[in-house]
2 protein chains.
Amino acid sequence: MPGQGALPAPFDCEIVAIGTELLLGQVVDTNSAWLGDRLAAAGIACYFQTKVGDNQPRIVAALEVALSRACAVICCGGLGPTPDDITREAIAEMMGVELVRDPGLEEMLARRFLGRDLPASNYKQADVPRGCSPVLPTMGTAPGLICPVGEKVIYAVPGVPAEMREMVERAVVPDLRQRSGVTATIRSRFLRVWGVPESKVAEIVGPRVQALEAVGNPTIAFLASATEGVRVRVTARAVLGGPEVSSPMNPVAAEELAGRMLDAEEANLRALLGDAVGGVDDEGLEVSLGRLLSLRGWHLAVAESLTGGMVASRLASVPGASHWFGGGVVAYTDAVKRGPLGVVADLVVSEQAAKEMAVGVARLTSVEVGLSVTGVAGPSLQEDQPVGTVFVGMCLPEDGQPGATQVTVAARLSLPGDRQLVRERAATSALDLVRRQLGRLGPRPA
Amino acid sequence: MPGQGALPAPFDCEIVAIGTELLLGQVVDTNSAWLGDRLAAAGIACYFQTKVGDNQPRIVAALEVALSRACAVICCGGLGPTPDDITREAIAEMMGVELVRDPGLEEMLARRFLGRDLPASNYKQADVPRGCSPVLPTMGTAPGLICPVGEKVIYAVPGVPAEMREMVERAVVPDLRQRSGVTATIRSRFLRVWGVPESKVAEIVGPRVQALEAVGNPTIAFLASATEGVRVRVTARAVLGGPEVSSPMNPVAAEELAGRMLDAEEANLRALLGDAVGGVDDEGLEVSLGRLLSLRGWHLAVAESLTGGMVASRLASVPGASHWFGGGVVAYTDAVKRGPLGVVADLVVSEQAAKEMAVGVARLTSVEVGLSVTGVAGPSLQEDQPVGTVFVGMCLPEDGQPGATQVTVAARLSLPGDRQLVRERAATSALDLVRRQLGRLGPRPA
């Protein structure tokens, strides 16, 4: 019963991903997933997402259905220069307007194509449905569009993920925020939690989540993955002119307020979760580890059995890894474990072998910190140990100083999952062991 | 103008993926991509795919839109036992019928839950909208549904990918084929092509593609990826009772005929593409390579610089890799290249260093075949070589017999892309070098 205390319907935005390759499953539509996450973080609801091929009548039909339901539509893809890029044409048809060439876009394209012999058809990217505003590209050559349709709006952004994300952040989200009347500045931060299952994280953080639910701001959510730890998302809203702040408040002050709320809540969560927290946001385990090693000027090397190079590969994937990563040995046969790595333990799947592998690889590669993984990924048992049995070993200077006596530590794990999952979990567990050990060394020696 | 020679509209099927986690981007919807590919292979068109959250009115709305456009709809997800699993309820509402408990399903669930103290709500999985047929699960506990709606049909399948795929293959595709009147048996095979860009593959195979287009069966399509080579798909149709075969033809004979057509076309394409063809279907480069090594009883080891364990990790990911993979060394510092690997070349990014690394790792790990990768992934130059410069080296027994003189080969590559792409392309190029060299050794020695 509107008018009797009913809340107004929330502002919502649908997504229409355009491309025949998406329907055929040749390309998985990750853009819609990213957009859905981004809209949620901006406080804008998204109830439907549609995929449609490079076919003008069907794109028009998809846009009509979406715009009949939602306040806004983001369509993604089909803005390139080739004949199957027809998003502009479809939007113009749906709006019942013609395409007009935008002189600004034409000039921009001419500058970018300077000296290249491109067909005139490339200039179709300068066409804009009458009444719409172009969004200049900063990365590729495909301009975006903002198309008002009555009280509603259609946005068109490129399908290339990096171009799409940049344009959405720069032009679409701010415009949506303004149209939606969402006056809050919303910021999120992820804490990356390692080595603790989601249920345990929920138990530890539960009372804090409940306390916050009473207030409603900031909020906390969990997101677990099989091998990438648990992400704890803190979302803070600073409302322009709202009760939290003196009104009117400028957007910069709102950003700062939201940032301070995130800082405070991060401190609360770190106090609860201790050294299970690695980095924030995109800082994976490898990056946290690299930071800890760089702090002491140490290098790490890794000896791997079942993970077969996966740990080394993850470490080497970090730009600048050569400042703290020395290399490693993949010991897929006992001969390699016993030869170059110098393992003398009777069993190669054992705590003792894990320690010897860590010491051996550190010696062989002349680094301060050695890490090792040995175990049974399956499909069959090894040395009578069941699939999922993994030993992780590590050696490092005893008092945190190179040249000091070496200490070794090892841990036995029972990891669930199939061969691939056991291997990925073993790699993550090994990296987390080093992260925690280094974190416990305390501040950097003077 | 229907009736004046117009073709009937093709039978089409839409996909509705159900789950709030899909809209929020917490889970990427790979099910729809898989279904789109599967429908295409079965000769059934798919023009729209929709994602909707766990909200009954919105699921009903999505189903109504989809069924107003298409002949059939597959909905995926929301068939579990928890309160947010409401696909059954939504289908019943959309059809205007009630849910009735199916005794067969109830019995099946009781058997599966035997001895476990499960809440009665779990039996909601035995509910079926009146007039619909259940599809018994073989993997999980979630039954599927086949729901006739007038001349059209809605299928419901579980959202767990393995359960979904099994049920679609077993129950949905055969039912769709029957309803659609597609009487052909359609089979596809992928040839995996390595080390040749898509444009070159298209040039080589072009005349054959054109010749086949005149006939229309089999057909050839290409699918390229940045790092996983080119896949050439051959699709053959054996029409039941069609002109190719004596009518009527049983499905088994049709399968066989389609298989023979694929065999013949694979032979044609292999003759054109030579040793650029590795395996078929899911046989990646690592698997092709493992097969060639196993044939001779040889082991391979790999020394990696910029790829940092990626090559080893790909090899170790193959189940049973220990039969032909020895291990390797990740040489991320010059000290490791010059120490354990024994590189003496002045420059570590050079053809000579690549050869020495391959010989060094084969010696260190006591295997017959050594492989190496050294180069510049970026972000900065190394030894004045530009980003993307990669040397791949290899050593193997000269006449194909262990104990014989060792030969070394090396190749210099200029790989495009950013740091991550250069690394992935370097890994793929290295694996392809070994595959081609081993393939040229000719048949296995007696």
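Sequence order as written defines the numbering, with residues in each chain counted from 1. Working convention: letters from A go to chains and numbers from 1 go to ligands, in the order in which they are written. In keeping with the model being predicted, local features are shown solely for residues with a pLDDT of at least 70 and side-chain atom pairs are shown and tallied solely at 80 or more, while totals for entire chains, interfaces and linings include all residues. Only heavy atoms go into the side-chain values, all of them from the structure, while hydrogens and water stay out.

(A) Representation of the overall build of chain A in the model. Secondary structure assignment for chain A yields 13 helices and 17 strands. Principal-axis analysis of the C-alpha atoms gives chain A an extent of 80 × 60 × 45 Å. Looking at the 446 residues of chain A, the share that counts as buried comes to 53%. Contacts are assigned to residue pairs that have any heavy atoms within 4.5 Å of one another. Of the contacts made within chain A by residues no fewer than 6 positions apart, 67% connect residues no fewer than 24 positions apart. On chain A, roughly 18,500 Å² of surface is accessible, and the fraction owed to carbon and sulfur atoms is 54%. Within chain A, the 50 negative side-chain charges are centred at a point lying 3 Å from the centre of the 41 positive side-chain charges. A helix here means a DSSP run of H or I that spans at least four residues, while a strand means a run of E at least two residues long, and both kinds are numbered starting from the N terminus. For each residue, the accessible area found with a 1.4 Å probe, counting protein chains only, is set against the maximum for its type, and the residue is called buried under 20%, exposed over 50%, and partly exposed in between. Throughout, the Shrake-Rupley method with a 1.4 Å probe supplies accessible areas, and for residues the shown protein chains are the sole cover considered. Two residue types count as positive, namely Lys and Arg, and two as negative, namely Asp and Glu; His and chain ends fall outside the count. In this description, the location of a charge corresponds to atom NZ of lysine, CZ of arginine, CG of aspartate or CD of glutamate.

(B) A look at the relation of the copies chain B and chain A. Overlaid copies result from least-squares superposition on C-alpha atoms, with residues included only where pLDDT is at least 70 in both. Taken as rigid bodies, chain B and chain A are interconverted by a rotation of 180° and an axial shift of 0.3 Å, the fit giving an RMSD of 0.5 Å. Overall, the copies show the geometry of a two-fold rotation axis. A shared interface surface links the copies, since 100% of the contact residues of chain B are contact residues in chain A too.

(C) Layout of helix H9 (residues 285-296) of chain A. Taking 1.5 Å per residue as the helical rise, H9(A) with its 12 residues ought to reach 16 Å, and the 17 Å between its terminal C-alpha atoms agrees with that figure. For H9(A), the secondary structure elements touched by its buried residues are strand S12 (277-280), strand S13 (300-304), helix H10 (310-316), strand S15 (369-375) and helix H13 (419-439) of chain A. To estimate how far a helix should reach, multiply one less than its number of residues by 1.5 Å.

(D) Local environment of the domain arrangement of chain A. All names here are of chain A. The split into domains, and so the bounds of each, comes from an automatic or database assignment of domains. In terms of domain boundaries, chain A breaks down into domain 1 (13-180), domain 2 (184-280) and domain 3 (287-439). If you look at the interface, domain 2 gives 11 residues, while domain 3 gives nine residues. Once two parts are joined, some of their accessible surface, as seen by a 1.4 Å probe, is lost; buried area is that loss totalled over both. When the two sides are added together, the surface that domain 2 and domain 3 hide from each other amounts to roughly 760 Å², 40% of it contributed by carbon and sulfur. Two residues, aspartate 275 and arginine 436, come together in a salt bridge whose shortest N-O distance is 3.2 Å. In protein, a polar contact requires one atom able to donate a hydrogen and another able to accept it; more generally it is a pair of N or O atoms within 3.5 Å, and residues adjacent in sequence count only if both atoms are side-chain atoms. The interface formed by domain 2 and domain 3 contains six residue pairs in polar contact (both at pLDDT 80 or more). In this count, Pro and Cys sit with the nonpolar residues alongside Ala, Val, Leu, Ile, Met, Phe, Trp and Tyr, while Asp, Glu, Lys and Arg are called charged and the others, Gly among them, polar. When grouped by side-chain class, the residues that make up the side of domain 2 that touches domain 3 number five nonpolar, four polar and two charged. The working definition used for a salt bridge is a side-chain nitrogen of Lys or Arg within 4 Å of a carboxyl oxygen of Asp or Glu.

(E) Just the confidence of the model for chain A, in detail. All names here are of chain A. Residues with a pLDDT of 70 or more make up 91% of chain A, whose mean pLDDT is 88. One confidence number per residue, pLDDT, is output by the predictor and ranges from 0 to 100. Confidence over residues 1-7 falls short of pLDDT 50; this stretch has one contact with residues more than four positions distant or in other chains. Across residues 242-247, where pLDDT falls below 50, the model places six contacts with residues more than four positions away in sequence or in other chains. For this predicted complex, the interface confidence comes out at an ipTM of 0.75, alongside a pTM of 0.76.

(F) Spotlight on the packing of helix H3 (residues 56-69) of chain A against helix H4 (residues 87-95) of chain A. Residue and element names in this part refer to chain A. Between H3 and H4, the shortest axis-to-axis distance is 9 Å and the interhelical angle comes to 55°. Between H3 and H4, the angle is such that the two are oblique. For the pair H3 and H4, the sense of crossing is right-handed. Counted together, Gln56, Ile59, Val60, Leu63, Glu64 and Leu67 of H3 and Glu89, Ala90, Ile91, Glu93 and Met94 of H4 form the full contact between these two elements. When its residues are assigned to classes, the contact of H3 with H4 shows seven nonpolar, one polar and three charged. Lines are fitted to the C-alpha atoms to define the axes, a helix being fitted only along its stretch in contact, and any angle between axes, read from their N-to-C directions, falls within 0 to 180 degrees. Geometric relationships in this document are graded by angle, where less than 35 degrees denotes roughly parallel, more than 145 denotes roughly antiparallel, 65 to 115 denotes roughly perpendicular, and other angles denote oblique. Should the near helix be turned anticlockwise from the far one by less than a right angle, the crossing is termed left-handed; should it be turned clockwise, right-handed.

(G) Main features of unusual backbone geometry. All names here are of chain A. Geometrically, the link from asparagine 217 to proline 218 is a cis peptide bond, its omega value of -5° lying close to zero. Within the element layout of this structure, proline 218 appears in the loop between helix H7 (198-215) and strand S10 (219-224). Positive phi, normally seen in glycine, also occurs at aspartate 281, with a value near 55°. Here aspartate 281 lies in the loop between S12 and H9.

(H) Examining the packing of helix H2 (residues 30-41) of chain A against helix H6 (residues 161-180) of chain A more closely. Residues and elements named next belong to chain A. As a packed pair, H2 and H6 sit with axes 11 Å apart at the nearest point and diverge in direction by 30°. Overall, the two elements H2 and H6 adopt an arrangement that is roughly parallel. Crossing handedness for the pair H2 and H6: right-handed. Taken together, the residues of H6 that come into contact with H2 (itself represented by Asn31, Trp34, Leu35, Arg38 and Leu39) are Pro161, Met164, Arg165, Val168, Glu169, Val173 and Leu176. Split into classes, the residues belonging to the contact of H2 with H6 amount to eight nonpolar, one polar and three charged.

(I) Molecular detail of the interface of chain B and chain A. Counting from both sides, the interface comprises 55 residues of chain B and, opposite them, 55 residues of chain A. For the pairing of chain B and chain A, the buried interface totals around 4,300 Å² over both sides, and the portion due to carbon and sulfur atoms is 61%. Summed over the three residues of chain B that lose the most area to chain A, namely B:Leu23, B:Gln49 and B:Tyr332, the buried surface amounts to 13% of that side. Inspection of the region where chain B meets chain A yields zero salt bridges. Counting every contact that joins chain B to chain A gives 20 residue pairs in polar contact (both at pLDDT 80 or more). Listed by contribution, the elements that provide at least two residues to the side of chain B that touches chain A are helix H1 (20-23), helix H2 (30-41), strand S2 (48-52), helix H3 (56-69), helix H10 (310-316), strand S14 (325-331), helix H12 (351-365) and helix H13 (419-439) of chain B. When residues of the side of chain B that touches chain A are assigned to their parent elements, the largest contribution, seven residues, is made by S14(B). Pairing of strand S14 (residues 325-331) of chain A with S14(B) involves five bridges; the strand directions are antiparallel. Its bridge partner being in S14(B), A:Gly328 is matched across the sheet by B:Val330. When DSSP finds two or more bridges between two strands, those strands count as paired.

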